[in-house]
Amino acid sequence: MHRVILHIDMDYFFAAVEERENPELRGKAVVVCMLSGRSELSGSVSTCNYIAREFGIRSGMPCSRAKKLNPEAVFLPVRKPFYTSVSDRIMGILRSYADPGENGDSFEQISVDEAFLEITDRTGGDFNLAFELGMKIKGEIKEKEKLTCSIGIGPNKLIAKMASSAKKPDGVTVVSPQDLDNFLWPLNVSKLWGIGDVTARKLQEMGVITIKDLANHDVIELISTFGRSRGTWLKHAAAGIDDTLLKERDGSEQIGRIATLPEDTLDKELIFPLLDKLAGDVIEKLDSRELSFRVVTLTAINSNFKMYTKSRTLSHQVSSKGALLGVTREILGEFLSENRTKLRRVGVRVGGLQKRKGQKSLFDY
Ligand code: DCP
Ligand code: CA
Ligand code: CA
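Reading the values: the criteria
Residues numbered from 1 in each chain as written. Chains lettered and ligands numbered in written order. Predicted model: local features only at pLDDT ≥ 70, side-chain atom pairs only at ≥ 80, totals over all residues. Heavy atoms only, no water. Donors = N, O, S within 2.8 Å, 3.2 Å for Na, K, Ca; no water. Pairing = 2+ DSSP bridges. Helix = DSSP H or I, 4+ residues; strand = E, 2+ residues; numbered from the N terminus. Axes fitted to C-alpha atoms, helices over the stretch in contact; angles between N-to-C directions. Contact = heavy atoms within 4.5 Å. Domains from an automatic or database assignment.

Asks: It is not clear to me how the coordination of the calcium ion (ligand 3) should be interpreted in this structure. Could you clarify?
Replies: Around a metal, the ideal angle is 109.5 degrees if four donors adopt a tetrahedral arrangement and 90 or 180 degrees if six donors adopt an octahedral arrangement. Protein ligation of the calcium ion (ligand 3) involves Asp9 (OD), Asp113 (OD) and Glu114 (OE), the donor distances falling in the range 2.1 to 2.4 Å. The sequence motif formed by the donor residues of the calcium ion (ligand 3) is D-x103-D-E. Between the calcium ion (ligand 3) and the calcium ion (ligand 2) the interatomic distance comes to 3.5 Å, and Asp9 is a ligand of both metals.

Asks: Even after reading the chapter, I still don't get the sheet that holds strand β5 (residues 107-111), so can you show me in this structure?
Replies: The pairing of strands in a sheet comes from backbone hydrogen bonds and takes either a parallel or an antiparallel form. Taking strand neighbours across the sheet as the criterion, the five strands line up as β5-β6-β1-β7-β8 in an open arrangement whose pairing is mixed. Each having just a single partner strand, β5 and β8 (172-174) make up the two edges of the open sheet. Each neighbouring strand pair of the sheet contributes to a mean axis angle of 15°, computed without reference to strand direction. As paired strands, strand β7 (residues 149-154) and β8 are joined by three bridges and run parallel to one another. Each residue of the ladder has a partner; that of Gly152, found in β8, is Thr173. With respect to the sheet, helix α7 (residues 157-164) is in contact with β1 (5-10), β5, β6 (114-118), β7 and β8, its orientation differing from that of β7 by roughly 145°.

Asks: Explain the domain arrangement of the protein here, please?
Replies: Quite often, the size of an interface is put as the accessible area lost when its parts meet. Once the domains are mapped, the protein shows domain 1 (5-11 + 81-179), domain 2 (14-79), domain 3 (185-238) and domain 4 (255-355). Computed from C-alpha atoms alone, the centre-to-centre distance between domain 2 and domain 3 is 36 Å.

Asks: Even after reading the chapter, I still don't get the pairing of β5, so can you show me in this structure?
Replies: For a regular strand, side chains alternate in direction, first toward one face of the sheet and then toward the other. Bridge analysis of β5 against β6 gives four bridges, and the strand direction is antiparallel. The residue bridging Ser111 from the neighbouring strand is Glu114, located in β6. Hairpin geometry of β5 and β6 is characterised by an intervening segment of two residues between the two adjacent antiparallel strands.

Pasting the structure below:
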């Protein structure tokens, strides 16, 4: 069975959130700026919507230049914490579609608006099912967050990542193992994910223009120019080969416990004792490493083996069992009010881990 990996990237993310918050912006060019505060419009463009892009406005350019390109555009200051809270909720939705991996190795967030999902088990290696799953994910994000995204699906991370930018915005692109060469080979080498400007230029000087050229190039020459590991990577990547696994982003280590209920149920009174036990185990582990946490995730697997996760980010680091249990019960309550199918397993997980500083915070009580 082939692996099936899904990559998702939100469309014009910061600007899309601003549009959603203020419907009057619809139909206008919207530019989100990182203002330095020195003078009006000194700073650079964080991102802009697709209307603004028609005027040539791009991420990273000075805001003053963007203003010249389109004086009618609406310029807004960046609101990073707000976009992060939207991102956290989207990541929570995405996590619930990934395979129920044992240690979170089926989900990898790679930036504020991008993530990989391993969906091999969920789809049984079937790329048609994967397409349907992609459409379902888009539907849920559209419904819950009123935002669009682009999705790429492939036999590995490399192909999934490159496929998600093939149809932007609002597209789903599936590249099955049979479509691999057709998809990859006509592209310019600079489009290969992981190749920077310097490598692309060097390759061009060697007469390597397309990814097909690279795939057919002598590996010995690639190794002598780029070194062994980089040279073999280039050769493999050009053939669409990538066997890297998904991993939780550095600094996002999580500690969690999951267990099966005595019977499938929707009854809080039967679920609470197990949550209590799991929360106790998690806290014990945190205590032994003197860690505090800020993110709480509840996992629920229902009798049909569908997995759901819901996360909450707290305003402070906390470390007590009482705090963990309080938040977990609250999330469970919300979950039970929205779901009808009985639960089979529940899990408690914490993230945003930090070394404890001195005493417990007031928030713990
Ligand atoms: N970002 C930024 N500065 C940059 C690039 C990006 O602040 N130079 C921020 C704003 C973007 C977000 O990161 O909204 C995600 O970056 P992307 O590269 O994914 O760009 P967008 O989501 O804005 O647009 P696209 O629809 O092309 O993905
Ligand atoms: Ca994006
Ligand atoms: Ca992105």
